[in-house]
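# A structural walkthrough
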Amino acid sequence: MATADFVVIGGGVAGLSAAARLARHGRVVVLEAEDALGYHSSGRSVSFSHYGIGDETVRALTSHSRAFFEAQPEGFCPTPVAWIAPTLYVATEEMLPTLETLHARMAPFTAAIEWVGPAAMTDLCPILRTGPGAIVRGVLDRSGLKLDADALVQSFARVVRGTGGQVLTGQRIAAIERRGADWLARAEKGEEWTAPVLVNAAGAWADRIAALAGVAPLGLQPMRRTIIVVDPPAGADVSGWPFVLTAARDFYFLPEAGQLLASPVDEVLDDPCDAQPEEYDIALAAHQLEHYTTLAVTRIAHRWAGLRSFVADRVPTAGFAPDAPGFFWLAGQGGYGFQTAPAMAEIVETLITGGAWPAALAAEDITPEKIRPERLAAGMESVSAG
Ligand SMILES: Cc1cc2nc3c(=O)[nH]c(=O)nc-3n(C[C@H](O)[C@H](O)[C@H](O)COP(=O)(O)OP(=O)(O)OC[C@H]3O[C@@H](n4cnc5c(N)ncnc54)[C@H](O)[C@@H]3O)c2cc1C
């Protein structure tokens, strides 16, 4: 049996970024069930940071996290983990009120947004279908950030290992029990780890991990999202094209590695699993791409699906379980686990070590009460009732 100060279950971006902060305070062991880090949600993300998603708290967490991405710590990663990439929210005539609301909600967080018309939009992305009956207006945010998901996951893991901590793959936790003042986590293979603090960062499986420990669930809802990869128009250099999202949230696409990724922005309730794309959602992604752009989809080069897991209010949760000392929740990152990871990792460190709440978080109106599991008591009832 190995002992540590902190055992973290889950080798996705949430667990690893938190582990990297906790490694400043003691010995950390990260336990990942799969043979590779980031195998589930973190490896299936389009990993963008933008203000067009989530509520005020999520936007504030996104804003707070930017400093980390823009000026990554010395030695963190040999390559940049983020680079500026524009985000363009587009609207048909019917979607204009929604776009106005989105603009009003984003404006406090970025000075780089402006209204754009059809000509400016097709300058940025020539395949957009603009004009009457199609896209008529847009909001361009030049401050979007494309994140390198794999570089982030691997770099956080390197930080943990660099402090003498361990990041172990192929260790699926199958049992959790109290051992005196500690938690004991036992893997399927029989190995055991104990620590006074156990961080549950198991993504879609976080409620299942809680069940192993006899802790009340948060009411997590894993939602499947589908991505297809298609070839851009022959000869087109798509590298400078924006991340394009419809105000109605029924479609997005973005360039990546010379190809285009597109999604029907599906949110289909699923069980925690190795998510696979459904034929319907693949076809819908291709249909929406042809509907909102002039591209003819002749070949789908690749497709995948991943889970985005939410609690009732869709705000990520971090905090000790009210019913189990030392059991710490880090779950419900939804569709913003990358763009909020640095802020959430700082929150985890603060709440676990009992440090003073960071003034910069307070200034952005992020309070522990907005993040802690206790806030979900009412929400959990409404989720189970609905
Ligand atoms: C298609 C798609 C697009 C997205 N786009 C964006 C985006 O643009 N920007 C953004 O910020 N976010 C985006 N997201 C969301 C983001 O990917 C997630 O919020 C984030 O990856 C969640 O990280 P996680 O570490 O909580 O979960 P995961 O990466 O799923 O990690 C949890 C880990 O826990 C492990 N685990 C589970 N049970 C056990 C066990 N018993 N023992 C040991 N380990 C266990 C799992 O194997 C898994 O690796 C997107 C997600 C998807 C699917």
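Residues numbered from 1 in each chain as written. Predicted model: local features only at pLDDT ≥ 70, side-chain atom pairs only at ≥ 80, totals over all residues. Heavy atoms only, no water.

### Observations concerning the overall build of the protein chain
When you go through the protein chain residue by residue, the secondary structure sums to 11 helices and 22 strands. When the backbone C-alpha atoms are referred to their principal axes, the protein chain occupies close to 70 × 50 × 45 Å. Burial status across the protein chain gives 55% buried among its 386 residues. Within the protein chain, contacts between residues at least 6 apart in sequence are counted, and of these 72% link residues at least 24 apart. Taken as two groups, the 29 positive and 44 negative side-chain charges of the protein chain have centres that lie 2 Å from each other. (Helix = DSSP H or I, 4+ residues; strand = E, 2+ residues; numbered from the N terminus. Buried < 20%, exposed > 50% of the residue type's maximum accessible area, 1.4 Å probe, protein only. Contact = heavy atoms within 4.5 Å. Lys, Arg positive; Asp, Glu negative; His and termini not counted. Charge placed at Lys NZ, Arg CZ, Asp CG, Glu CD.)

### Details of the pairing of strand β11 (residues 173-179)
In this structure, β11 lies alongside strand β12 (residues 182-187), joined through 6 bridges in antiparallel fashion. What sits directly across from R178, in β12, is W183. What sits between β11 and β12 in their antiparallel hairpin is a turn of 2 residues, with G180 showing a positive phi close to 65°. (Pairing = 2+ DSSP bridges.)

### What to know about the domain arrangement of the protein chain
With domains assigned, the protein chain is organised as domain 1 (2-47 + 149-219 + 313-385) and domain 2 (86-143 + 221-310). Summarising the inter-unit geometry, the C-alpha centres of domain 1 and domain 2 are found 30 Å apart. Contact with domain 1, which involves 17 residues of that partner, is made by 21 residues of domain 2. It is R44, V46 and R314 that lose the most area in domain 1 upon contact with domain 2, and together they represent 41% of the buried surface on that side. Taken together, the links from domain 1 to domain 2 amount to 2 salt bridges. For E267, the salt bridge identified is with R314, shortest N-O distance 2.8 Å. Seen at the junction of domain 1 and domain 2, the total is 8 residue pairs in polar contact (both at pLDDT 80 or more). (Domains from an automatic or database assignment. Buried area = accessible area lost by both parts, 1.4 Å probe. Salt bridge = Lys/Arg side-chain N within 4 Å of Asp/Glu carboxyl O. Polar contact = N/O pair within 3.5 Å; in protein donor to acceptor, adjacent residues only side chain to side chain.)

### Description of the site of the ligand
Taken together, 39 residues lie around the ligand, and E32, S42, F48, G334 and Q339 are the ones closest in. Residue S41 places a main-chain N or O atom 3.2 Å away from an oxygen atom belonging to the ligand. Measuring from an oxygen atom of the ligand, one finds a side-chain N or O atom of S42 at 2.6 Å. About the coverage of the ligand: the protein hides 97% of its 1,000 Å² of free accessible area. If one sorts the elements of the shell around the ligand by residue count, strand β20 (residues 300-310) sits on top with 3 residues. For the shell around the ligand, the per-class residue count stands at 17 nonpolar, 16 polar and 6 charged. Counting contributing residues per domain, the shell around the ligand is built from domain 1 (2-47 + 149-219 + 313-385) and domain 2 (86-143 + 221-310), each supplying no fewer than three. (Near = heavy atom within 4 Å. Areas by Shrake-Rupley, 256 points an atom, 1.4 Å probe, with all protein chains shown as cover. Nonpolar A, V, L, I, M, F, W, Y, C, P; charged D, E, K, R; others polar.)

### Here we look at the layout of surface pockets
Quantified by volume, the second largest pocket comes out at close to 380 Å³. Broken down by secondary-structure element, the contributors of at least two residues to the lining of the second largest pocket are β9 (145-147), α5 (149-162) and β17 (252-256). Tallied by class, the residues present in the lining of the second largest pocket amount to 17 nonpolar, 8 polar and 6 charged. There are two domains that each give the lining of the second largest pocket at least three residues, and those are domain 1 (2-47 + 149-219 + 313-385) and domain 2 (86-143 + 221-310). (1 Å grid on protein atoms, 1.4 Å probe; cavity = no way out; pocket = protein on both sides within 12 Å on 5 of 7 lines; lining within 4 Å. Points joined across faces, edges and corners; volume = space filled by probe spheres on them.)

### A look at the pattern of salt bridges
Tallied over the entire structure, the rule returns 21 salt bridges. Measuring nitrogen to oxygen at the nearest pair gives 3.5 Å for the salt bridge that ties R172 to E34. Taken together, the residues R172 in the loop between β10 (166-168) and β11 and E34 in the loop between β3 (28-31) and β4 (48-49) connect sequence positions 138 residues apart. On the basis of relative accessibility, which here comes to 19%, the residue E34 falls in the buried class.

### Notes on the side chain of T293
Looking at where T293 falls in the secondary structure, it is placed in the loop between α7 (279-292) and β20. Taking relative accessible area as the criterion, T293 reaches 0% and is therefore assigned buried. A polar side-chain atom of T293 sits 2.5 Å from the main-chain carbonyl oxygen of L289. A polar contact of 3.2 Å, which involves the side chain of T293, links it to the backbone nitrogen of L295. For T293, the contacting residues outside a window of four places in its chain are I127, L128, R129 and F253.

### Thoughts on α7
End to end, α7 covers 20 Å across 14 residues, agreeing with the expected 20 Å (1.5 Å per residue, within 8%). Taken as a whole, α7 has its buried residues at D281, I282, A285, A286, Q288, L289 and Y292. Down the axis of α7, the buried side of the element spans an arc of 160°, and every buried residue falls inside it. The exposed set on the far side of α7, more than 90 degrees from its buried face, consists of E279 and Y280. (Expected span 1.5 Å × (residues − 1). Arc of directions from axis to C-beta.)

### A short note on the packing of aromatic side chains
By the definition in use, this model includes 13 aromatic pairs. Considering the side-chain rings of F251 and Y292, the 5.6 Å spacing of their centres and the 10° angle between planes classify their relative orientation as stacked. A residue pair is termed long-range when its members are at least 10 positions apart, and F251 in the loop between β16 (243-246) and β17 and Y292 in helix α7 qualify at 41 residues. Note on F310 and Y336: the rings are 6.2 Å apart at their centroids and 75° apart in plane angle, and the pair reads as edge-to-face. (Phe/Tyr/Trp six-rings, centres within 6.5 Å; stacked < 30°, edge-to-face > 60°.)

### What about the sheet that holds β4?
The strand order β4-β9-β5 describes an open sheet built from 3 strands, whose pairing is antiparallel. If you trace the sheet from one side to the other, it starts and ends with β4 and β5 (82-84), each paired once. Judged from the 2 bridges that link them, β4 and β9 form a sheet pairing that is antiparallel. Across the sheet, S49 pairs through a bridge with L145, a residue of β9. Sheet strands in contact with helix α2 (residues 56-70) are β4, β5 and β9, and its direction is about 65° off that of β9. (Axes fitted to C-alpha atoms, helices over the stretch in contact; angles between N-to-C directions.)

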